[in-house]
Amino acid sequence: MNDIAARIVGEPYTMSGLVDRAGQLLGMRLIVLPRVRRGTPLTGMVVRDGDCGVILVPDDATEEFQIHIVAHELWHLLQGHNCTQKKLLGYRATVKARLREANCERFARKVGLEIRRQQAHESAPMPSAARDLAEAFGMHG
């Protein structure tokens, strides 16, 4: 799970890069469509048609929340979850569904942490000795 999160986030992070890399991993074209209202049943829905998938996210949500929704839905896709199949009845099905959702949330948090790790690394001050060496050898970044 950690390696997949790091691979789809990529460096440097961009939402479009994350979606493109996830699509390549899945072998399908992915589109994130910010066209629904927050809290509606359509929020976070994935519509899949053959080799194309559309993930619906709230248009009024922060990018961080949109990323979380996208990553959550990506884990459903990566694991081959099919939410349209008939739901099993009873306690066992409930436990299985909750475990599935917990794993999707876990993956979404890992993607968010990977992005924050990158951003913290980029904004961390460079020690003066490292900055001097970088300048001396013409390295920027």
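Keep in mind that what you see is a predicted model, and the values were worked out from it rather than measured.

A. Looking closely at a nonpolar patch on the surface. A cluster of nonpolar side chains, Leu42, Met45 and Val47, forms an exposed patch at the surface whose accessible area comes to about 230 Å². In this fold, Leu42 is placed in the loop between β1 (29–36) and β2 (46–49). For Leu42, a relative accessible area of 41% puts it in the partly exposed group.

B. Broad picture of the environment of Arg116. Note on placement: Arg116 falls in helix α4 (residues 91–123). Put simply, Arg116 and Glu64 are 52 residues apart on the chain and 10.0 Å apart in space, counted from C-alpha to C-alpha.

C. Highlighting the side chain of Gln118. One can find Gln118 in helix α4. Classification of Gln118 by relative accessible area gives buried; the value is 3%. A polar atom in the side chain of Gln118 sits 3.0 Å from the backbone nitrogen of Tyr13.

D. Quick look at the sheet that holds strand β3 (residues 52–58). Taken in spatial order, the 3 strands line up as β1-β3-β2 in an open sheet, and their pairing is mixed. Because the sheet does not close on itself, it has two edges, and the strands there are β1 and β2. Going from strand to strand, the sheet's axes swing by 20° on average, the running direction of each strand aside. The pairing of β1 with β3 spans 7 bridges and is parallel. Note on β3: the bridge partner recorded for Ile31 is Val54. This element, helix α3 (residues 63–78), spans β1, β2 and β3 of the sheet and lies at about 145° to β3.

Reading the values: rules and limits
Residues numbered from 1 in each chain as written. Predicted model: local features only at pLDDT ≥ 70, side-chain atom pairs only at ≥ 80, totals over all residues. Heavy atoms only, no water. Patch = residues over 30% accessible without salt bridge, like charges linked within 9 Å, V, L, I, M, F, W, Y side chains within 5 Å. Areas by Shrake-Rupley, 256 points an atom, 1.4 Å probe, with all protein chains shown as cover. Salt bridge = Lys/Arg side-chain N within 4 Å of Asp/Glu carboxyl O. Helix = DSSP H or I, 4+ residues; strand = E, 2+ residues; numbered from the N terminus. Buried < 20%, exposed > 50% of the residue type's maximum accessible area, 1.4 Å probe, protein only. Polar contact = N/O pair within 3.5 Å; in protein donor to acceptor, adjacent residues only side chain to side chain. Pairing = 2+ DSSP bridges. Axes fitted to C-alpha atoms, helices over the stretch in contact; angles between N-to-C directions. Contact = heavy atoms within 4.5 Å.

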